[in-house]
Amino acid sequence: MYFRKKRKRETKPTPTPVPVPVPPPPAGPDLISQLPNSILHSILSLLPIKDAVRTSALSSRWRHLWKAAPLRLDSSSFDPNVQPPLNLFHVIRPPYWSWEAIFRVFHSHHGPIQSLSLTLFTPSEMDRFVESAVQRGIRQLNLVASYYEGTYELPAFLLLCNSLHQLSLRGCAFPQALPLSIFPNLTELRLNSVPLPNDLLPNCASLQTLLLATSSEGPPVSISSPSLRKLVFDVDSSRTELIIEYAPNLESLMLGEETTCFCKLKVLDAPKLQLLGFIHANFRAVQLGGTLIEQLEEPTLILPPIFKVNATPCRTNTLFSVKTLAIEMECYFEKAIPDLLRCFPCLENLDILKYEGNGDEHYLDKGIWEEQGSLSLLDHLKTVTVKRFCGDQCDVELLRYLVVHGKVLHNITLLCSRHISKKFVLTKKRQICFEKRASSDLALVFFRDAKRNVHFSLWNDLIYY
């Protein structure tokens, strides 16, 4: 018998509902435009200058608001979107039309100037900008002179500016004859490749922060300032000398990682100094009060350097005020470290930056720490940080000495660039005799420093130009 197959009923797809457009809600009142001009000026001053100028297209209410807001103008932010044809003019300096935009913005604005940064202008253009900025109460000024135009000499009216609080200079020069009182309210000065006149610092009565960077040899840099609190000094492969002659309020002296390799350091009078570093293990000469440690013979491929320690009668033979010290240590130059640490009997925080490429094959002073006895600083040392810790014999002997003799030591942090395993941690604890620690509160912490950042937290504000 023939049975007819039942035909499956085809199901039609359900049509997708078409969304009904929802009309936008009616526009409410423009509340922000109803704010007083003083508040709007504060808001505009926090915006980049390009965005602040664009607000003039919103309405007639906003057309001229940006012109009276505190101005923050940075010439380096005016980058062209289209590469202009190359010629001699464009090689020397950025495209002409971008400078025209800076001139138009600067001269259209008639309010106070919060900060101004000028890069690669001619001396005549610099004078025009700086003179107008001084008249309008400039607070922060950054000048980078063009190498093609020669050194830019600061005008006399800038030296007497009362409103200036922060000044940054590169490739500039101070006039030979300085007035008796300059920069009356300047608190921060940054100089890069700028000669420091001898009579500059004593005449800056309000200066608290000074940053110096140079890459060329020059005369000794002498610091004498009754108001200075923070000094940052960095040299790049240039032979010079830094002398702290008189700094009664200096609290922080931060040096580049290899500054002491090329620069002699003398701290003669700084009774309030609390933070010092980096001091490289291969330093040329370091004088702290009446204690002078100098390198008599430079190292060779076979023999490490020879250091000599001279102590003369002085009321500041050791720096009792220093609480935090940072050193860059290399096993090849470790012999000078104990003599250096003796100059800081009240040290509480020790930061050690290991030199990359260290290994036991360069460690010639085995057992040097066992000969030191108990240093005075071990009665006060609380924290130790070692970066680029690799666990070689140089690291182990130093840590064993600190663990066994550190009476109040409560934290040792080891930042490793290699993988940290449980076996590695247990092995290093056994090698440094952690069970024989002098402080029962001591904690040993291992961290993986994947980013391999060489700066410590206290050195993060070291500014390079």
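Small disclaimer: the values here were computed from a predicted structure and weren't measured.

(A) Representation of the packing of aromatic side chains within the structure. Counted under the stated rule, the structure contains five aromatic pairs. Relative to F129, the ring of F106 lies with its centre 4.8 Å away and its plane at 70 degrees, an arrangement referred to as edge-to-face. One end of the pair, F106, is in helix 4 (residues 96–108); the other, F129, is in helix 5 (residues 123–135), with 23 residues separating them in the sequence. For the pair F106 and F129, a shared accessibility class is recorded, and that class is buried. One aromatic cluster in this structure is built from F103, F106 and F129. For the cation-ring pair, R136 lies above F106, with the distance from its terminal atom to the ring centre recorded as 4.9 Å.

(B) Molecular detail of helix 10 (residues 422–431). Those residues of helix 10 that fall on the buried side of the exposure criterion are F424, V425, T427 and K428. For helix 10, the buried positions fall inside an angular range of 165 degrees around the axis, keeping them on one side. Exposed and facing more than 90 degrees away from the buried side of helix 10 are K422, K423 and R430. Each element contacted by the buried residues of helix 10 is listed here: strand 20 (383–389), helix 9 (393–405), strand 21 (411–416) and strand 22 (443–448).

(C) Here's a closer look at the confidence of the model for the protein. Taken as a whole, the protein shows an average pLDDT of 79; of its residues, 80% reach a score of 70 or greater. Ignoring residues within four places in sequence, the model shows residues 80–97, a span with pLDDT below 50, making 16 contacts including any to other chains. Contacts for the low-pLDDT stretch residues 454–465, under 50 throughout, to residues beyond four places or in other chains number 41 contacts.

(D) Helix 9, seen in detail. Taking 1.5 Å of rise per residue, the 13 residues of helix 9 would be expected to cover 18 Å, and the 18 Å separating its terminal C-alpha atoms lies within 8% of that figure. Listed in full, the buried residues belonging to helix 9 are C394, D395, V396, E397, L398, L399, Y401, L402 and V403. Contact partners of the buried residues in helix 9: strand 18 (324–329), strand 19 (349–354), strand 20, strand 21 and helix 10.

(E) Fine view of the pairing of strand 22. As judged from the six bridges shared by strand 21 and strand 22, these two strands associate in the parallel manner. Considered in strand 22, the bridge of I412 is made with L444. With helix 10 bridging strand 21 and its parallel neighbour strand 22, the resulting β-α-β unit is right-handed.

(F) Region of interest: the pairing of strand 14 (residues 275–280). Taken across its six residues, strand 14 has six buried, putting it largely inside the fold. Both strand 12 (residues 252–255) and strand 14 contribute to a ladder of three bridges, which runs parallel. Each residue of the ladder has a partner; that of L253, found in strand 14, is L276. By the bridge criterion, four bridges tie strand 14 to strand 18 in an arrangement that is parallel. Its bridge partner lying in strand 18, L275 is registered against T324.

(G) How the structure looks around the pattern of salt bridges. Counted under the stated rule, the structure contains seven salt bridges. In this structure, R190 engages E188 in a salt bridge whose closest nitrogen and oxygen atoms are separated by 2.5 Å. According to the relative accessible area criterion, R190 is partly exposed, its value standing at 23%. The partner of R229 in a salt bridge is E251, with the nearest N and O atoms 3.2 Å apart. Placement of R229 in the loop between strand 9 (221–224) and strand 10 (230–235) and of E251 in the loop between strand 11 (240–246) and strand 12 is noted, with a sequence separation of 22 residues between them. For R229, a relative accessible area of 37% puts it in the partly exposed group. Among the charged side chains, a network of salt bridges with common partners joins K354, D392 and D395.

Analysis parameters
- Residues numbered from 1 in each chain as written.
- Predicted model: local features only at pLDDT ≥ 70, side-chain atom pairs only at ≥ 80, totals over all residues.
- Heavy atoms only, no water.
- Phe/Tyr/Trp six-rings, centres within 6.5 Å; stacked < 30°, edge-to-face > 60°.
- Helix = DSSP H or I, 4+ residues; strand = E, 2+ residues; numbered from the N terminus.
- Buried < 20%, exposed > 50% of the residue type's maximum accessible area, 1.4 Å probe, protein only.
- Lys NZ or Arg CZ within 6 Å of the ring centre and 35° of its normal.
- Arc of directions from axis to C-beta.
- Contact = heavy atoms within 4.5 Å.
- pLDDT = per-residue confidence, 0-100.
- Expected span 1.5 Å × (residues − 1).
- Pairing = 2+ DSSP bridges.
- Right-handed = clockwise from strand over helix to strand, strands pointing away.
- Salt bridge = Lys/Arg side-chain N within 4 Å of Asp/Glu carboxyl O.

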